[in-house]
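This is what each chain is made of:
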Amino acid sequence: MSKTAMLLAGAIGLLGSTVFASAEDVTLDVWTIDRESDPGYMYVMAQEFQKLHPDIKFNIKHVEFADWANDITRAVATGTAPDVAYVDNPNTPFLSSKGALLDISPYLKDSKIVDTSKIFPGPLSTVTWDGKIYGLPRGSNTIALYYNKDMFKAAGLDPEKPPQTWADLYDAAKKLTDPAKNVYGLAFSANANEEGTFQFLPWIQSTGGNFDKVNGEGAVKALELWQKIIDEKLASPDTLIRGQYDSFATFNAGNAAMAISGPWELPRMSKDAKFDVGVTLLPIEKEGDARASALGEGNNVIFAKSKHPKEAFMYLEYMYSQMPRVWNEFGFVPSYPVDVKDPKWPAEYAVFIESMKYARARGPSPDWAKISKAISTAIQQALTHQADAQTALNTAQTTIDGIVKK
Amino acid sequence: MSALLRTMRDGHGFDATLALLALAYLLVFSAFPLVYNIIMSFQEVDMFSLASLVRPFVGLANYKSLFASPDFWPVIWNTVVFVGLCIIFQLAIGFGLALFFQQEFPGGSFLRGLFLAAWIMPALVAGAVWKWIFAGDFGVLNYILQSAGLIDSKVFWLSNPQISLYSVIIANIWLGIPFNMILLSVGLVGIPKDMYEAAALDGANAWQRFWHMTLPMMRSTIGAVVSLGIIFTLQQFDLFASLTQGGPANASNVAQYWSWQLSFQIYDIASGSAVSCLMLGFVIIVAVIYVRSTRHEHRA
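- If you check an unreviewed UniProt entry, chain B appears there as Multiple sugar transport system permease protein from Kaistia soli DSM 19436.
- Taken from UniProt, the Sequence similarities (unreviewed entry) comment for chain B reads in full: "Belongs to the binding-protein-dependent transport system permease family."
- UniProt lists a comment for chain B under the heading Subcellular location (unreviewed entry), and it reads "Cell membrane".

- In the nomenclature of an unreviewed UniProt entry, chain A corresponds to Multiple sugar transport system substrate-binding protein from the organism Kaistia soli DSM 19436.
- As its UniProt record puts it under Sequence similarities (unreviewed entry), chain A is described as follows: "Belongs to the bacterial solute-binding protein 1 family."

Structure (structure tokens):
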């Protein structure tokens, strides 16, 4: 055998082995809004999963939350969608109704790990479309009322008796507001985007309305209360242009005595807030009304065009099985009942777990973005007095009817 | 064959190749997206049919629903106010500064260079800075105005629907001044100095010299600056994104931001395209004026 022939044979052998290896190894393309530097849920999960399955590799891409919908729909349209991705829960029906996601119901039938009947109804409804299941929740969150116990004491309020009704909330906010000290009674978000809708929807839902019935008597009263809170400067006028994150920062800094937000704030709050904090369920209109809360967080999904659906589903199963850890490590509320061993922030955990029972999904509707826009527009019109609450919500209702009854 | 090579090396073939390259570039990167956008504005489009050209044709339905939208006229009016005020103030202040730096004084050219800082800064960064300045509760501007005793209570620059558009306008004027100043300075340099000397000898005062000499001589430059300014102002997106997101309640929403909101927030891409087509029509008119106003320069 000549030297050249030997080299050639070696090269072919090498080529063969790489072909062989790539047939064995599977690489899953994954998109997430998590960051590698934070605890980064998706990064932690992928690393652990890979240890259990060395033959499955990961290619994780970080996408900014604000760009997510644009990037993902473009990827679907051009056939470059990832295998697995995180999807915010109100956006999931949009993708599943368009056939972009893999129906995992057949895999679920044989799964020993996932029992969808255990999942709370709120999160389950966001992955269900037309009776099929298109993803699994990675965790949930919901909103509640945080309050500064020190300020309660200073204002002569009982820190163990936080506001339970809307009237209580208004009275407390009024007593706690102190312009001389730059303190507002309440911080929340009435932003012109999803966050405004997210914060307002539970107020509608607790009075018997929902995303498709927004102009009922209770909804109007709720919006009028928001109006009153802004008009009387019990909350900063900047509430109209500020997201939840920035609003809550004013609570942490002692510039707001109460704040409406979710458990994702707990890590930052425990660092920044130099006062005693209490958390209670979102107030209702009057004693005896149904409770309601918003449902946040999202789902892990597989895209329909994935070439490795089996491996992708194994990964989804693994993430789903890690639900008992999500509170302590990532700040999500579990999406199905699990035992959390000595939870961090136990008092807050108890409130959010309780609140989870009342958490209702936004939608589900494939046109959620349009519905959400109609609701946040109504909020903004009423709060800026371009229209009264009833008129603004009637307009939103007309828009929503046009979308839902299409 | 050799004849072909020769004409490619020097001759008409070479010229044609260069022109064709530029033409191909324009076709791919300018004409195609424009035409694509116009086509989309007559079709039913969603995020998933974005890549396929064959989509249901709906005629003028997108435009009709746009005109019927209660947001349409307020947004158009905001756009007119935004562009109008920005151009007037950018031009006036830019012209003033250009004349000022025309006077030679120690450190003058250095100071003029400093003014460019605003132009160099990305609009998104400028937006973040202005957001701190304008913040209602703890903003710099409110602090200064309150300490100076000019206002009693805080002004909510960004969340008061009566004010928010003007706050964005102020930020955009600041951002656009250097561009105006530099172009106008270049124009001023082009006016021969001895003309002014002659006029001064004939007894023309400073105001007369400005009104009867500087302004007429600067006409084509001003035309160009205004046309480019309108186009740049209509492109201003980042400031809206970082300051008000068009809010509250669309009080500071303008056509360019609205188009983006329609397309990429509620995925009504057809309506978003229709808005940008309307803007395109307007920009074409402005571009024609620009081309006409600079035509003299080519002849000269």
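## Comments concerning the overall build of chain B
Then, number 1: Assigned secondary structure in chain B consists of 15 helices and 0 strands.
Then, number 2: The C-alpha radius of gyration computed for chain B amounts to 24 Å, which surpasses the reference 19 Å derived for 300 residues by more than 25%, pointing to a less compact arrangement than a globule.
Then, number 3: For the C-alpha atoms alone, the extent of chain B along its principal axes is close to 75 × 70 × 30 Å.
Then, number 4: A buried classification covers 41% of the 300 residues belonging to chain B.

## Some words on the overall build of chain A
Then, number 1: Looking only at helices and strands, chain A features 17 helices and 13 strands.
Then, number 2: By its C-alpha atoms, chain A is 95 × 50 × 35 Å across when sized along the principal axes.
Then, number 3: In chain A, which comprises 406 residues, the share counted as buried stands at 56%.
Then, number 4: Residue pairs in contact within chain A that sit at least 24 positions apart in sequence constitute 77% of those at least 6 positions apart.
Then, number 5: For chain A, the exposed area adds up to about 17200 Å²; of that, 55% sits on carbon and sulfur atoms.
Then, number 6: Counting 41 positive and 49 negative side-chain charges, chain A places the centres of these two groups 2 Å from one another.

## Section: the interface of chain A and chain B
Then, number 1: In this complex, chain A contributes 29 residues to the contact, which on the side of chain B involves 26 residues.
Then, number 2: Counting each side, the surface lost to burial between chain A and chain B is near 2400 Å², with a carbon and sulfur contribution of 61%.
Then, number 3: Among the residues chain A hides against chain B, the three largest losses belong to Asn70(A), Ile241(A) and Lys373(A). Together they make up 22% of the total.
Then, number 4: The interface formed by chain A and chain B contains 0 salt bridges.
Then, number 5: At the junction of chain A with chain B, the criterion picks out 7 residue pairs in polar contact (both at pLDDT 80 or more).
Then, number 6: Every element with two or more residues in the side of chain A that touches chain B is listed here: helix H3 (68-77), helix H4 (92-97) and helix H16 (368-383) of chain A.

## Some points on helix H3 (residues 61-68) of chain B
Because an α-helix packs 3.6 residues into every turn, residues spaced three or four apart end up facing the same way.
All names here are of chain B.
Then, number 1: Along H3, the residues that are buried comprise Asn 62, Tyr 63 and Leu 66. In a view along the axis of H3, the buried residues occupy a sector of 95°, so they form one face of it. With respect to the buried face of H3, the exposed residues turned more than 90 degrees away are Lys 64 and Ala 68.

## Notes on the UniProt feature "domain: ABC transmembrane type-1" (unreviewed entry) in chain B
Then, number 1: Under the feature "domain: ABC transmembrane type-1" (unreviewed entry), the UniProt entry names residues 76-290 of chain B.
Then, number 2: Here residues 76-290 of chain B runs as 75% helix and 0% strand, with 22 Å between its end C-alpha atoms.

## Description of the UniProt feature "transmembrane region" (unreviewed entry) in chain B
Then, number 1: In the UniProt entry, the feature "transmembrane region" (unreviewed entry) is given for residues 16-39, 75-101, 113-133, 163-189, 210-234 and 269-291 of chain B.
Then, number 2: For residues 163-189 of chain B, the end-to-end C-alpha separation is 39 Å, with 96% helix and 0% strand making up the annotated structure.

## Topic: the packing of aromatic side chains
Then, number 1: Following the criterion strictly, the structure yields 48 aromatic pairs over all chains and no others.
Then, number 2: Aromatic pair Phe211(A) and Trp368(A): ring centres 6.0 Å apart, planes at 70°, arrangement edge-to-face. Of this pair, Phe211(A) sits in the loop between helix H9 (194-205) and helix H10 (217-231) while Trp368(A) sits in helix H16, placing them 157 residues apart in sequence. The exposure classification of Phe211(A) matches that of Trp368(A), with both residues buried.
Then, number 3: Judged by centre distance (5.8 Å) and plane angle (70°), the rings of Trp130(B) and Trp174(B) are edge-to-face. Pair noted here: Trp130(B) is in helix H7 (residues 123-134) and Trp174(B) is in helix H9 (residues 164-189), with a separation of 44 residues, a long-range link.
Then, number 4: Clustering of aromatic rings is evident, with ring pairs tying together Tyr146(A), Phe248(A), Phe251(A), Phe275(A), Trp327(A), Trp345(A), Tyr349(A) and Phe352(A).

## What to know about the sheet that holds strand S12 (residues 298-302) of chain A
Residues and elements named next belong to chain A.
Then, number 1: Spatial ordering of the open sheet is given by S2-S1-S3-S12-S6, a layout of 5 strands whose pairing is mixed. Of all the strands in the sheet, just strand S2 (56-62) and strand S6 (136-137) have a single pairing partner and so form its edges.
Then, number 2: Note: strand S3 (residues 84-88) against S12, 5 bridges, orientation antiparallel. Each residue of the ladder has a partner; that of Tyr 86, found in S12, is Asn 300.
Then, number 3: Sheet strands touched by helix H2 (residues 41-52): strand S1 (26-32), S2, S3 and S12. Its angle to S2, the strand with the most contacts, is close to 170°.

## Observations concerning the nonpolar core
Then, number 1: Ile104(A), Tyr146(A), Phe251(A) and Tyr315(A) are the most contacted members of the largest nonpolar core, which has 58 residues in total.
Then, number 2: Examining the composition of this core, we find that 7 residues originate from one element, helix H13 (residues 309-321) of chain A, more than from any other.
Then, number 3: There are two domains that each give this core at least three residues, and those are domain 1 (3-141 + 296-359) and domain 2 (144-294 + 367-404) of chain A.
Then, number 4: Residues Val75(B), Ile173(B), Ile266(B) and Ala274(B) belong to the second largest nonpolar core, which totals 56 residues.

## So, the sheet that holds strand S10 (residues 277-280) of chain A
Residues and elements named next belong to chain A.
Then, number 1: With respect to topology, 4 strands assemble into an open sheet ordered S8-S9-S7-S10, the strand pairing being mixed. A single partner strand is all that each edge strand has here, and the edge strands are strand S8 (184-187) and S10. The sheet shows a mean angle of 20° between the axes of neighbouring strands, taken without regard to direction.
Then, number 2: Summarising the sheet, S8 and strand S9 (residues 256-261) pair through 3 bridges and their orientation is parallel. What sits directly across from Ala 187, in S9, is Ala 259.

## Looking at the packing of H16(A) against helix H17 (residues 389-404) of chain A
Residues and elements named next belong to chain A.
Then, number 1: With their axes 8 Å apart at the nearest point, H16 and H17 run at an angle of 170° to one another. It follows from the interaxial angle that H16 and H17 lie roughly antiparallel. Between H16, through Lys 370, Ile 371, Ala 374, Ile 375, Ala 378, Gln 381 and Ala 382, and H17, the contact on the second element is made entirely by Ala 389, Ala 392, Leu 393, Ala 396, Thr 399, Ile 400, Ile 403 and Val 404.
Then, number 2: Counted by class, the contact of H16 with H17 contains 12 nonpolar, 2 polar and 1 charged residues.

## Digging into the layout of surface pockets
Over the atoms rolls a probe the size of a water molecule, and its path tells where empty space is left.
Then, number 1: The volume enclosed by the second largest pocket comes to roughly 1000 Å³.
Then, number 2: Every residue lining the second largest pocket is counted, 38 residues in all, and those nearest its centre are Thr399(A), Ser69(B), Pro70(B), Asp71(B) and Ile266(B).
Then, number 3: Elements with a minimum of two residues in the lining of the second largest pocket: H16 and H17 of chain A together with H3 and helix H14 (255-264) of chain B.
Then, number 4: If one sorts the elements of the lining of the second largest pocket by residue count, H16(A) sits on top with 8 residues.
Then, number 5: When grouped by side-chain class, the residues that make up the lining of the second largest pocket number 15 nonpolar, 18 polar and 5 charged.

## As for the side chain of Ser376(A)
Residues and elements named next belong to chain A.
Then, number 1: By the element assignment, Ser 376 lies in helix H16.
Then, number 2: Taking relative accessible area as the criterion, Ser 376 reaches 2% and is therefore assigned buried.
Then, number 3: In this structure, Ser 376 is in contact with Asn 191, Ala 192, Asn 193 and Thr 197, ignoring residues within four places of it in sequence.

## Here's the deal with the pairing of strand S7 (residues 144-148) of chain A
Residues and elements named next belong to chain A.
Then, number 1: Most of S7 sits out of view: 5 of its 5 residues are buried.
Then, number 2: Examined bridge by bridge, S7 and S9 share 4 bridges and lie antiparallel to one another. Pairing of Tyr 147 across the sheet is with Met 258, part of S9.
Then, number 3: With 4 bridges joining them, S7 and S10 adopt antiparallel strand pairing. By the bridge assignment for S10, Tyr 146 is matched with Val 279.

What counts, and at which threshold
- Residues numbered from 1 in each chain as written.
- Chains lettered and ligands numbered in written order.
- Predicted model: local features only at pLDDT ≥ 70, side-chain atom pairs only at ≥ 80, totals over all residues.
- Heavy atoms only, no water.
- UniProt positions renumbered as here; feature names shortened; annotations may be inferred.
- Helix = DSSP H or I, 4+ residues; strand = E, 2+ residues; numbered from the N terminus.
- Rg over C-alpha atoms; globule rule 2.2 N^0.38 Å.
- Buried < 20%, exposed > 50% of the residue type's maximum accessible area, 1.4 Å probe, protein only.
- Contact = heavy atoms within 4.5 Å.
- Areas by Shrake-Rupley, 256 points an atom, 1.4 Å probe, with all protein chains shown as cover.
- Lys, Arg positive; Asp, Glu negative; His and termini not counted.
- Charge placed at Lys NZ, Arg CZ, Asp CG, Glu CD.
- Buried area = accessible area lost by both parts, 1.4 Å probe.
- Salt bridge = Lys/Arg side-chain N within 4 Å of Asp/Glu carboxyl O.
- Polar contact = N/O pair within 3.5 Å; in protein donor to acceptor, adjacent residues only side chain to side chain.
- Arc of directions from axis to C-beta.
- Phe/Tyr/Trp six-rings, centres within 6.5 Å; stacked < 30°, edge-to-face > 60°.
- Pairing = 2+ DSSP bridges.
- Axes fitted to C-alpha atoms, helices over the stretch in contact; angles between N-to-C directions.
- Core = buried A, V, L, I, M, F, W, Y, C linked by side-chain atoms within 4.5 Å.
- Domains from an automatic or database assignment.
- Parallel < 35°, antiparallel > 145°, perpendicular 65-115°, else oblique.
- Nonpolar A, V, L, I, M, F, W, Y, C, P; charged D, E, K, R; others polar.
- 1 Å grid on protein atoms, 1.4 Å probe; cavity = no way out; pocket = protein on both sides within 12 Å on 5 of 7 lines; lining within 4 Å.
- Points joined across faces, edges and corners; volume = space filled by probe spheres on them.

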